[in-house]
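Survey of secondary and tertiary structure
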Amino acid sequence: MKVITTIQDMQNEIMKHKTLGESIGFVPTMGFLHEGHLTLISKAREENNIVVLSIFVNPLQFGPKEDYSTYPRDFDRDRALAEAEKVDYLFYPSVEEMYPHESSVKVVVQERTDVLCGKSRPGHFDGVATVITKLFHIVMPTRAYFGKKDAQQVAVIDGLISDFNFLIQLVPVDIVREEDGLAKSSRNVNLLPEERQQAPILFRSLQKAKKAIIDGERNPNKLVNMIKEAISSESDGEIDYVEILSYPQLKVLEKLDGSIIIAIAVKFSRVRLIDNIIFQID
Ligand code: AMP
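Residues numbered from 1 in each chain as written. Predicted model: local features only at pLDDT ≥ 70, side-chain atom pairs only at ≥ 80, totals over all residues. Heavy atoms only, no water.

**Description of helix H10 (residues 220–234)**
For clarity, the threshold we go by: Put simply, DSSP marks the helices as runs of H or I at least four residues long and the strands as runs of E at least two long, and each gets a number from the N terminus on. Residue count minus one, scaled by 1.5 Å, sets the expected span of a helix. The classification of residues rests on relative accessible area computed with a 1.4 Å probe and restricted to protein chains. Under 20% of the type maximum is buried, over 50% is exposed, and intermediate values are partly exposed. When we speak of the arc, we mean the arc of directions from the helix axis to the C-beta atoms. The term polar contact refers here to a pair of N or O atoms within 3.5 Å; inside protein, the definition further demands a hydrogen-donor-capable atom paired with an acceptor-capable atom, and it admits residues adjacent in sequence only when both atoms are side-chain atoms.
End to end, H10 covers 21 Å across 15 residues, agreeing with the expected 21 Å (1.5 Å per residue, within 8%). Of the positions making up H10, those classed as buried are Leu223, Val224, Ile227, Ala230 and Ile231. The buried residues of H10 all sit within an arc of 130° when viewed along its axis, so they share a single face. Residues of H10 that are exposed and angled more than 90 degrees away from the buried face: Asn221, Lys222, Glu229 and Ser233. With a side-chain oxygen lying 2.9 Å from the backbone nitrogen of Asn221, the N-terminal cap of H10 falls on Asn219.

What follows is the structure in structure tokens.
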């Protein structure tokens, strides 16, 4: 595995593989790798000749009061894990390399951001779309792998790829969970021990709502309240949002049918967790 820190070197390497007609699988991350990331990498490994993993904690996508400075980082551990997963290139640029000066252009996401994390993290998806646009131009992937844990991000990237005509196949990957149901996340290490005990209520509340829908409940307000009550009674977390929307359009539903997402965000003392389930109602 080669570790690459400059854009120029990364593009030079990629061009060699492109000339040979090889496919490039790309997994963009912010590091502090866990099994969720490793699942994306192994899928990319199965489906492509070359696998590129990027690790970059992108300051553009963090709000001023968010956890940019406390976001967990451990490059040596990440490098060993990437090597074990047979990554070919680990792209690890500095902030100065990615943003050497104030950008003259930024990408602004116009749709699918007035709900969920877009509503509570203004500017977040502009930061994501801007860095992903740069990374796509640097890595020039055939396929790009994104986790459904960040379901709104998958929807936004889907729009980015189609609106800007990137010749890239988006591959969404299912959420990887701990045994107790908590969605794996780099941020989980910032939960206090008692919060870690409480955190599986997020997934349990989603499953409870899904079961109620299967049993015939179709009133979105009732379902949202059911989830809110479950979370407040079993955790100290502060609910940021609970929403039921169409997926991937992320529109408010008058009537529950078709492909839907139930998504939640809960703030604990040092970390905000998100989770969701996506399924089809017939
Ligand atoms: P991050 O490092 O948090 O930016 O995540 C990098 C990629 O890994 C994103 O596409 C995430 O959606 C994905 N990812 C993170 N956690 C999980 C998980 N538990 N299951 C599946 N994918 C995940």
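Text resumes after the structure shown.
**A look at the packing of helix H1 (residues 7–19) against helix H6 (residues 124–139)**
Worth spelling out the cut-off: Only the stretch in contact is used when a helix axis is fitted, and all axes are lines through C-alpha atoms; the angle between N-to-C directions ranges over 0 to 180 degrees. Any angle that is under 35 degrees is reported as roughly parallel, and any over 145 degrees as roughly antiparallel; angles of 65 to 115 degrees are reported as roughly perpendicular and all others as oblique. Whether two residues touch is decided by their heavy atoms; if any such pair falls within 4.5 Å, the residues are in contact. For this scheme, ten residues count as nonpolar: Ala, Val, Leu, Ile, Met, Phe, Trp, Tyr, Cys and Pro. Four count as charged, namely Asp, Glu, Lys and Arg, and the remainder, Gly too, count as polar.
Between H1 and H6, the least distance of the axes is 8 Å, while the angle of their chain directions is 50°. The angle between H1 and H6 falls in the class oblique. Packed against H1, whose contacting residues are Ile7, Met10, Gln11 and Ile14, the element H6 presents His137, Ile138 and Val139 at the interface. For the contact of H1 with H6, the per-class residue count stands at 5 nonpolar, 2 polar and no charged.

**Some words on the domain arrangement of the protein**
As a reminder, the rule being used: Each domain's limits were defined by an automated method or a database of domain assignments. Accessible area, probed at 1.4 Å, shrinks when two parts are joined; the buried area is that loss added up over both.
The domain architecture assigned to the protein consists of domain 1 (2–173) and domain 2 (186–277). On the side of domain 2, 17 residues touch domain 1, which itself brings 23 residues to the contact. Between domain 1 and domain 2, the buried area comes to about 1700 Å², and carbon and sulfur atoms account for 55% of it. If you sort the residues of domain 1 by the area they bury against domain 2, Arg112, Leu116 and Lys149 come out on top, with a joint share of 30%.

**Describing the nonpolar core**
Counted only if it meets this: Side-chain atoms within 4.5 Å link the members of a nonpolar core, which is a set of buried Ala, Val, Leu, Ile, Met, Phe, Trp, Tyr and Cys residues.
Judged by nonpolar contacts, the single largest core of 47 residues is most densely connected at Met10, Val52, Phe91, Met98, Ile132, Phe136 and Ile157. Once you skip the residues sitting within four places of it in the chain, Ile132 turns out to touch Pro28, Phe146, Ile157 and Leu160. Ranked by size, the runner-up nonpolar core spans 29 residues in total, among them Leu191, Ala230, Leu253 and Ile262.

**Section: H1**
Given a rise of 1.5 Å per residue, 13 residues ought to cover 18 Å, and the 18 Å separating the end C-alpha atoms of H1 matches this to within 8%. Residues Ile7, Met10, Glu13, Ile14 and His17 constitute the buried set of H1. With its buried residues spanning 135° around the axis, H1 presents them on a single face. Opposite its buried face, H1 presents the exposed residues Gln8 and Thr19, each directed more than 90 degrees away. Of the surrounding secondary structure, the elements contacted by the buried residues of H1 are strand E1 (2–4), strand E2 (24–29), strand E3 (50–55), strand E4 (89–91), helix H4 (95–98) and H6. Following H1 by one or two positions, Gly21 has its phi on the positive side, about 75°.

**Structural notes on the sheet that holds strand E8 (residues 258–267)**
Just so we agree on the cut-off: The pairing criterion is simple: DSSP has to find at least two bridges between the two strands.
The strand order across the open sheet built from 3 strands is E7-E8-E9, with neighbouring strands paired in antiparallel fashion. In this open sheet, the two strands that pair with only one neighbour each are strand E7 (238–246) and strand E9 (272–281). Put simply, the sheet's adjacent strands are angled 10° from each other on average, direction ignored. As paired strands, E8 and E9 are joined by 10 bridges and run antiparallel to one another. Within the sheet, the bridge partner assigned to Ile262 lies in E9 and is Ile277. Against the sheet, helix H9 (residues 201–214) makes contact with E8 and E9, and its axis sits at roughly 20° relative to E9, the strand it touches most.

**A word on unusual backbone geometry**
The step from Tyr247 to Pro248 runs through a cis peptide bond, and the omega angle for that step is 10°. With respect to the element layout, Pro248 can be found in the loop between E7 and E8. Backbone geometry places Phe32, a non-glycine residue, at a positive phi of 55°. Looking at the secondary structure, you find Phe32 in the loop between E2 and helix H2 (35–47). Residue Phe32 is classed as buried on the basis of its relative accessible area, which comes to 17%. Phi at Asn165 takes a positive value of approximately 55°, unusual for a residue other than glycine. Relative to the assigned elements, Asn165 resides in the loop between helix H7 (151–163) and strand E6 (169–173).

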